[in-house]
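# Fold and geometry: a report
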Amino acid sequence: MPLRIESCIMDCGSAEGGPRRPLYQIDSIILHRIGGTAARPATCAPDYPGHNPPHSIGETAVEIAAWFRTHPEAAGTARMPYTFVVRRDGVVEQALWLTVSAPHARRWNTRAIGIAIVGDFRHEVPPSLQVDAVTGLCARLNDTLRRPLAIYGHSMWIPDVAGATKDISKQCPGPLFAAAYKEVRLEVRTAGQVHLGV
């Protein structure tokens, strides 16, 4: 199935768009989970306790961005933190330009692209359509930037460097994404050998 990317670029001309970075600075991709399970969508972010009343995080880039805008105290930012959102149905939404340094992984923001994958992979396995979309997106980013990008999880499979999130309780994207993570890395590496001449 071909990769389908829908554009819903947020207003990057405003302060919400955030600081810019040159494309040559990007060397990695950080995968995140967002929302609840398919059976029980998140009515409030379990990682952001204490905000009332409960408000749906949503499952599209526009809904997720609206949640962050209306809950800055819970999330620590009012800006959209993810460049891309991969929905359960495999549709990829681009929310920010690649040149926007989004607040998704503290000290990695200037060098990594943040991809939010809808679902809670502490409690469910991602659907194959979604895994295929993540794989296709990572391969496309390698092609677009003309170099292989490292792929990490927000708090999993990330090198032990300053600024890396090592909070075990966060489990982002989650232990049930582990097999998908291996598949994504293998497929992207294989594709890169063909497309990038590696």
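Right above here is the structure, for reference.
Residues numbered from 1 in each chain as written. Predicted model: local features only at pLDDT ≥ 70, side-chain atom pairs only at ≥ 80, totals over all residues. Heavy atoms only, no water.

### Topic: the sheet that holds strand 2 (residues 28-34)
As a reminder, the rule being used: DSSP bridges decide pairing: two strands pair if at least two such bridges lie between them. Comment: elements are numbered from the N terminus, with helices defined as DSSP H or I runs of at least four residues and strands as E runs of at least two. Axis lines are fitted through C-alpha atoms, for helices just across the contact stretch, and the angle between N-to-C directions can take any value from 0 to 180 degrees. Contacts are assigned to residue pairs with any non-hydrogen atoms lying within 4.5 Å of each other.
Reading across the sheet, the six strands line up as 1-4-3-5-2-6 and stay open at both edges, with mixed pairing between neighbours. Single-partner strands in this sheet number two, and they are strand 1 (5-7) and strand 6 (150-153). Strand-to-strand, the axes of this sheet are offset by a mean angle of 25 degrees, without reference to chain direction. The sheet contact formed by strand 2 and strand 5 (residues 112-118) spans seven bridges and is parallel. Across the sheet, the residue bridging to H32 is A116, located in strand 5. Contacts between helix 3 (residues 128-145) and the sheet are confined to strand 1, strand 2, strand 3 (84-86), strand 4 (92-94), strand 5 and strand 6, with strand 5 contributing the most and set at about 165 degrees to the helix.

### Regarding the pairing of strand 2
Threshold: Any residue under 20% of the maximum accessible area for its type is buried, any over 50% is exposed, and the rest in between are partly exposed; the area is computed with a 1.4 Å probe on protein chains only.
Among the seven residues in strand 2, seven count as buried, and that is most of the element. Burial of the side chains of strand 2 extends over both faces: S28, I30, H32 and I34 are buried on one face and I29, L31 and R33 on the other. Strand direction decides the pairing type here: strand 2 and strand 6, joined by four bridges, are parallel. Opposite S28, over in strand 6, you have A150 as the bridge partner.

### Observations concerning the packing of aromatic side chains
To keep it simple, the criterion reads: For this analysis, a ring pair means two rings from Phe, Tyr or Trp (six-membered ring only for Trp) whose centres lie within 6.5 Å, classed as stacked if their planes differ by under 30 degrees, edge-to-face if by over 60, and tilted for the remaining angles.
Counted according to the given criterion, the structure contains four aromatic pairs. Arranged with centres 5.4 Å apart and planes meeting at 70 degrees, the rings of W108 and Y152 form a pair that is edge-to-face. Note that W108 is positioned in the loop between strand 4 and strand 5 and Y152 in strand 6, a separation of 44 residues in sequence. With a relative accessible area of 17%, Y152 lands in the buried category. The interplanar angle of 50 degrees and the centroid separation of 5.3 Å between the aromatic rings of F121 and F177 together place this pair among those described as tilted. With a gap of 56 residues between them, F121 in the loop between strand 5 and helix 3 and F177 in the loop between strand 6 and helix 4 (178-195) connect regions that are remote in the sequence. F177 matches F121 in its accessibility class, with the two residues each being buried. Of the aromatic side chains, those joined through ring pairs into one cluster are W67, F68 and Y82.

### Quick word on helix 3
Selection rule: Helix span, as expected, comes to 1.5 Å for every residue beyond the first.
A rise of 1.5 Å per residue sets the reference length of helix 3, with its 18 residues, at 26 Å; its end C-alpha atoms lie 26 Å apart and thus fit the reference within 8%. Listed in full, the buried residues belonging to helix 3 are Q130, V131, A133, V134, T135, L137, C138, A139, L141, N142 and L145. R146 sits one or two positions beyond helix 3 and adopts a positive phi of about 60 degrees.

### Thoughts on the nonpolar core
Applicable threshold: Think of a nonpolar core as a cluster: buried Ala, Val, Leu, Ile, Met, Phe, Trp, Tyr and Cys residues, connected wherever their side-chain atoms sit within 4.5 Å.
L31, I113, I115 and L141 are the most contacted members of the largest nonpolar core, which has 31 residues in total. Those elements that provide at least two residues to this core are strand 2, strand 3, strand 5, helix 3, strand 6 and helix 4. With near-sequence residues (within four places) excluded, L31 lies in contact with I115, I117, V134, I151, Y152, G153, H154, C172, P173, F177 and Y181. I64, V85, L96 and V100 belong to the second-largest nonpolar core, a separate cluster that totals 17 residues.

### What about unusual backbone geometry?
Here the residue pair C172 and P173 is connected by a cis peptide bond, since its omega of 10 degrees sits within 30 degrees of zero. As for its position among the elements, P173 is in the loop between strand 6 and helix 4. One non-glycine residue, R146, lies in the positive phi region at around 60 degrees. Along the chain, the position of R146 falls in the loop between helix 3 and strand 6. Among the residues examined, R146 registers a relative accessible area of 66% and is labelled exposed.

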